[in-house]
Structure formats: C-alpha cells, structure tokens
Amino acid sequence: SHIALINVDGTDCMAASVGGQVYIYNLKTREAVNKVDVGGIVRKTLSADINGDGENEVMFLSTDSDYCGPCTFSLSLRDSNWTSIASFTFQTENSYLNIVFGSFTKVAANQMALSNGEVYEFIGSTDIQLVANFKMDLGRHLFKYDLEGDGIDEIICSKGGVSAYSAVDLGRIWNSK
C-alpha cells in the first residue's frame, strides 16, 4: 500500500491504495471523495498534465504480483470522474517501475521516462508513442532536470552511482563516480 498527494481539478487530495483499490480523500474537508477499483496491486499514484489542457490527469501504476521479475505493469489513466480513459502496459526485468514526466527529446513535449529505459510521448490523453529506448534498467530512483538549460530534460537516475542521461542521443552525460 502507499499514499500519494494529488491535485484533482484544483482540489488537493490524498490517494491511499490498499491492494487493487485506491481511496481518494479531500484534504480540506477530510472526507472520502471516491473509491477506485484499479485491479492488480497499485504500486504508485501519479498526476501530471499529459494532454496539455492545464489540468492534471491521475494515473495508477499497478502489477498483478508483489514479487515478480520479469514483471508486467499497467498504467491506468483516469479522468476527473475517475473513469478509465486509457491503459498502457510495460514490461520490466525487475519488480519495480518508476516514471518521471517531462520533455526528454524535444522542447515542450508531454513525455514520460520509465526506469526500464523507455521514453514515451503522449498523443492526446489516450495514446503513447515510444520515442527513445536506452535498452537498460535505469534504477529505482528517477528524476528529471534540465541540466543544459535548453528546455530538454535530462533523466537523473541512481544505479551504481548517480547518472544523468540524454534521451536525445541516448547517452550518459554525467556520472558521480
């Protein structure tokens, strides 16, 4: 189980997952807003404006097993009524998958980088396209930062030290070792 703080249509909420269900609470009123049946074991709740409309979409990352490797993960996108609008499946060699949102291959792109080394661009809010693939696991911890100030984010990860990778040329540009 896990807890995430998310903003839904301007309302600060807490999402608490138990198994395949996520309970949504309004932080201001401290009242339950909804219970969402995701299916599988929810590993992470995410929110980001993936379609560029200025509002965050809510996503649930789940898998069908606590202990797997290789694993299949499902990312379920929900609208403001908590209805599923799209679902994407990803494969990993590990029992984890982390996601960070940013612009990794071009300026002002709505993209997500995955810890399995894949980078996808959102096409609206119901489709994605693979735009880069490092073909390697980037580790459990994933962040983004525009190191070069060019409007394109680099992927910061920690696996055997901290490294920064460019999805534009699929290379490592910095390592803490």
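A brief report on the enclosed structure follows. Note that the structure is a prediction, hence the values are computed from the model and not measured.

What counts and what doesn't
- Residues numbered from 1 in each chain as written.
- Predicted model: local features only at pLDDT ≥ 70, side-chain atom pairs only at ≥ 80, totals over all residues.
- Heavy atoms only, no water.
- Disulfide = S-S within 2.5 Å.
- Buried < 20%, exposed > 50% of the residue type's maximum accessible area, 1.4 Å probe, protein only.
- Core = buried A, V, L, I, M, F, W, Y, C linked by side-chain atoms within 4.5 Å.
- Helix = DSSP H or I, 4+ residues; strand = E, 2+ residues; numbered from the N terminus.
- Contact = heavy atoms within 4.5 Å.
- Pairing = 2+ DSSP bridges.
- Axes fitted to C-alpha atoms, helices over the stretch in contact; angles between N-to-C directions.

1. Examining the state of the cysteines
Phase 1: Enumeration over the complete set of coordinates arrives at 0 disulfides.
Phase 2: Of all cysteine sulfurs in the structure, the one in Cys71 sits closest to Cys157, which takes part in no disulfide; the separation is 19 Å.
Phase 3: Under the relative-accessibility criterion, Cys157 is labelled buried at 4%.

2. Comments concerning the nonpolar core
Phase 1: Ranked by internal contacts, the top residues of the largest apolar core, which has 20 residues, are Leu75, Phe90, Phe101 and Met112.
Phase 2: For this core, the secondary-structure elements that each account for two or more residues are β5 (41-48), β6 (57-63), β7 (71-78), β8 (84-92), β9 (99-102), β10 (111-114) and β11 (118-123).
Phase 3: For this core, the leading source of residues is β7, giving 4 residues.
Phase 4: Excluding residues within four positions of it along the chain, Met112 makes contact with Leu75, Phe90, Ile99, Val100, Phe101, Phe104, Glu118, Val119, Tyr120, Phe122 and Ile128.

3. Digging into the side chain of Asn116
Phase 1: Its location among the elements puts Asn116 in the loop between β10 and β11.
Phase 2: Taking relative accessible area as the criterion, Asn116 reaches 13% and is therefore assigned buried.

4. Examining the sheet that holds strand β16 (residues 171-175)
Phase 1: If you trace the 4 strands from one edge of the open sheet to the other, you get β13-β14-β15-β16, paired in antiparallel fashion. Every interior strand has two partners, whereas the edge strands, β13 (141-145) and β16, have only one. For this sheet the average axis-to-axis angle between neighbouring strands, irrespective of direction, equals 30 degrees.
Phase 2: Alignment of strand β15 (residues 162-166) against β16, held across 4 bridges, turns out to be antiparallel. In the strand pairing of β16, Ser166 is matched with Gly171.

5. Points about the sheet that holds β10
Phase 1: Spatially, β9-β10-β11-β12 is the arrangement adopted by the 4 strands of the open sheet, whose pairing is antiparallel. A strand with exactly one partner marks an edge of an open sheet, and here the two such strands are β9 and β12 (127-133). When strand polarity is set aside, the average angle formed by the axes of neighbouring strands in this sheet is 30 degrees.
Phase 2: Bridging between β9 and β10 involves 4 bridges; their strand directions are antiparallel. Residue pairing in the sheet places Val100 in a bridge with Ala113 of β10.

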